[in-house]
Amino acid sequence: MDNASLLHEVTAAHAELERRLATLTEGQITRSRVHGEMSVKDVLAHLAAWERMDAGWINASLRGETVVRYAPGFELAGAAHDQLLDRLNQHIYQQNKDRPLPEVLDDLRTAQAEILSTVRSLSNDDITDPHRFDWWDGEPVSTSVAGNSPDHYHEHLTLIEAWRP
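The structure displayed is predicted, hence computed values, not measured ones.

A.B. asks: Can you tell me about the overall build of the protein chain, naming the residues and giving the values?
C.D. replies: Counting secondary structure elements, the protein chain contains eight helices and two strands. Each helix and strand of the protein chain, placed in order from N terminus to C terminus, yields the pattern α-α-α-β-β-α-α-α-α-α. Scaling as 2.2 N^0.38, a compact globule of 165 residues should have a C-alpha radius of gyration of about 15 Å, and the protein chain matches this with 16 Å. Taken along the three principal axes of its C-alpha coordinates, the protein chain extends 45 × 35 × 25 Å.

Encoded structure:
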């Protein structure tokens, strides 16, 4: 996947989320139990956190810094992957569950802008070389971006649509 295609996929996923959100009331967005204990608002905070992390990993690599995946206190090395992700996602939920909707929406849009800016800064070689980023060695970084942006959006939009009253 080249830069233009990845940008298109990310932008399309953002637009689709906005279209779906426009059909929900604030009460529906903040109602719990959409996905486990999470509300749509909590899902939005979750999506923002993962896009921000992905942009951070890429940008740290571009600056020549060592990347901590997934986040400080939630390092991948030596941990059982699924358990680590569950703990990290619970941490993200706890950090965001009491935030007001306008703040979460602002954060989501900031994270969206960050991932778009990051992808725009990448060359096609950066995106397609499976060994370009040592924290993602063996796969092109486009799979990380897709997994934390458009694919992640589609996964959660499917859950929201299944819940939708």
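Next, the rest of the story.
A.B. asks: Please give an account of the pattern of salt bridges that cites residues and values.
C.D. replies: Under the defined criterion, the tally for this structure stands at twelve salt bridges. Its salt-bridge partner being Glu 18, residue Arg 109 comes within 2.9 Å of it at the nearest N-O pair. Placement of the pair is Arg 109 in helix α5 (residues 101–121) and Glu 18 in helix α1 (residues 3–21), with a sequence separation of 91 residues. A salt bridge links Glu 114 to Arg 52, with the shortest nitrogen-to-oxygen separation between them at 3.4 Å.

A.B. asks: Provide a residue-level description of the packing of aromatic side chains, including the pertinent values.
C.D. replies: Tallying each qualifying case throughout the model produces six aromatic pairs. For the ring pair Phe 133 and Trp 135, a centre distance of 5.9 Å and an interplane angle of 50° mean the geometry is tilted. Among the residues examined, Phe 133 registers a relative accessible area of 2% and is labelled buried. The exposure class assigned to Trp 135 is buried, which follows from its relative accessible area of 11%. An aromatic cluster of three or more residues is present, and its members are Trp 50, Trp 57, Tyr 70, Phe 133, Trp 135 and Trp 136. Over the face of the ring belonging to Trp 57 we find Arg 69, whose NZ or CZ atom lies 4.7 Å from the ring centre.

A.B. asks: Which residues make up the environment of Gly 56, and what values go with them?
C.D. replies: Following the sequence through the fold, Gly 56 ends up in helix α3 (residues 40–62). In this structure Gly 56 comes out as partly exposed when scored by relative accessible area, which is 34%. When the C-alpha atoms of Gly 56 and Gly 73 are compared, they prove to be 16 Å apart, with 17 residues separating the residues in sequence.

A.B. asks: Go over the side chain of Gln 112 with me, naming the residues and quoting the values.
C.D. replies: Among the secondary structure elements, Gln 112 is positioned in helix α5. For Gln 112, a relative accessible area of 7% translates into the label buried. Setting aside residues no more than four positions away along its own chain, Gln 112 makes contact with His 14, Leu 17, Glu 18, Glu 51 and Tyr 153.

A.B. asks: Quick one: what's the story with the nonpolar core, residue by residue and with numbers?
C.D. replies: Residues Trp 50, Met 53, Tyr 70, Leu 88 and Trp 135 are the most contacted members of the largest nonpolar core, which totals 28 residues. At the level of elements, α1, α3, β1 (70–71), α4 (81–96), α5 and α7 (141–148) are the ones that each hand at least two residues to this core. For this core, the element with the most residues is α3, which contributes seven residues. The contact partners of Trp 135, leaving out residues within four places of it in the chain, are Asp 54, Trp 57, Ile 58, Ser 61, Val 67, Arg 69, Val 141 and Ser 144. Listed in part, the 23 residues of the second largest apolar core include Leu 21, Val 34, Leu 44 and Ala 111.

A.B. asks: Which residues make up a negative patch on the surface, and what values do they have?
C.D. replies: Residues Asp 125, Asp 129, Asp 134 and Asp 137 make up a contiguous surface patch of negative charge. Secondary-structure assignment places Asp 125 in helix α6 (residues 124–128).

A.B. asks: Outline the packing of α3 against helix α8 (residues 150–163), supporting the account with residue identities and numerical values.
C.D. replies: The contact between α3 and α8 brings their axes to 11 Å, and the two run at 175°. With respect to α8, the axis of α3 lies roughly antiparallel. Where α3 approaches α8, its residues Val 40, Val 43, His 46, Leu 47, Trp 50 and Glu 51 are matched on the opposing element by His 152, Tyr 153, His 156, Ile 160 and Trp 163. A class-by-class count of the residues in the contact of α3 with α8 yields seven nonpolar, three polar and one charged.

What counts and how
- Residues numbered from 1 in each chain as written.
- Predicted model: local features only at pLDDT ≥ 70, side-chain atom pairs only at ≥ 80, totals over all residues.
- Heavy atoms only, no water.
- Helix = DSSP H or I, 4+ residues; strand = E, 2+ residues; numbered from the N terminus.
- Rg over C-alpha atoms; globule rule 2.2 N^0.38 Å.
- Salt bridge = Lys/Arg side-chain N within 4 Å of Asp/Glu carboxyl O.
- Phe/Tyr/Trp six-rings, centres within 6.5 Å; stacked < 30°, edge-to-face > 60°.
- Buried < 20%, exposed > 50% of the residue type's maximum accessible area, 1.4 Å probe, protein only.
- Lys NZ or Arg CZ within 6 Å of the ring centre and 35° of its normal.
- Contact = heavy atoms within 4.5 Å.
- Core = buried A, V, L, I, M, F, W, Y, C linked by side-chain atoms within 4.5 Å.
- Patch = residues over 30% accessible without salt bridge, like charges linked within 9 Å, V, L, I, M, F, W, Y side chains within 5 Å.
- Areas by Shrake-Rupley, 256 points an atom, 1.4 Å probe, with all protein chains shown as cover.
- Lys, Arg positive; Asp, Glu negative; His and termini not counted.
- Charge placed at Lys NZ, Arg CZ, Asp CG, Glu CD.
- Axes fitted to C-alpha atoms, helices over the stretch in contact; angles between N-to-C directions.
- Parallel < 35°, antiparallel > 145°, perpendicular 65-115°, else oblique.
- Nonpolar A, V, L, I, M, F, W, Y, C, P; charged D, E, K, R; others polar.

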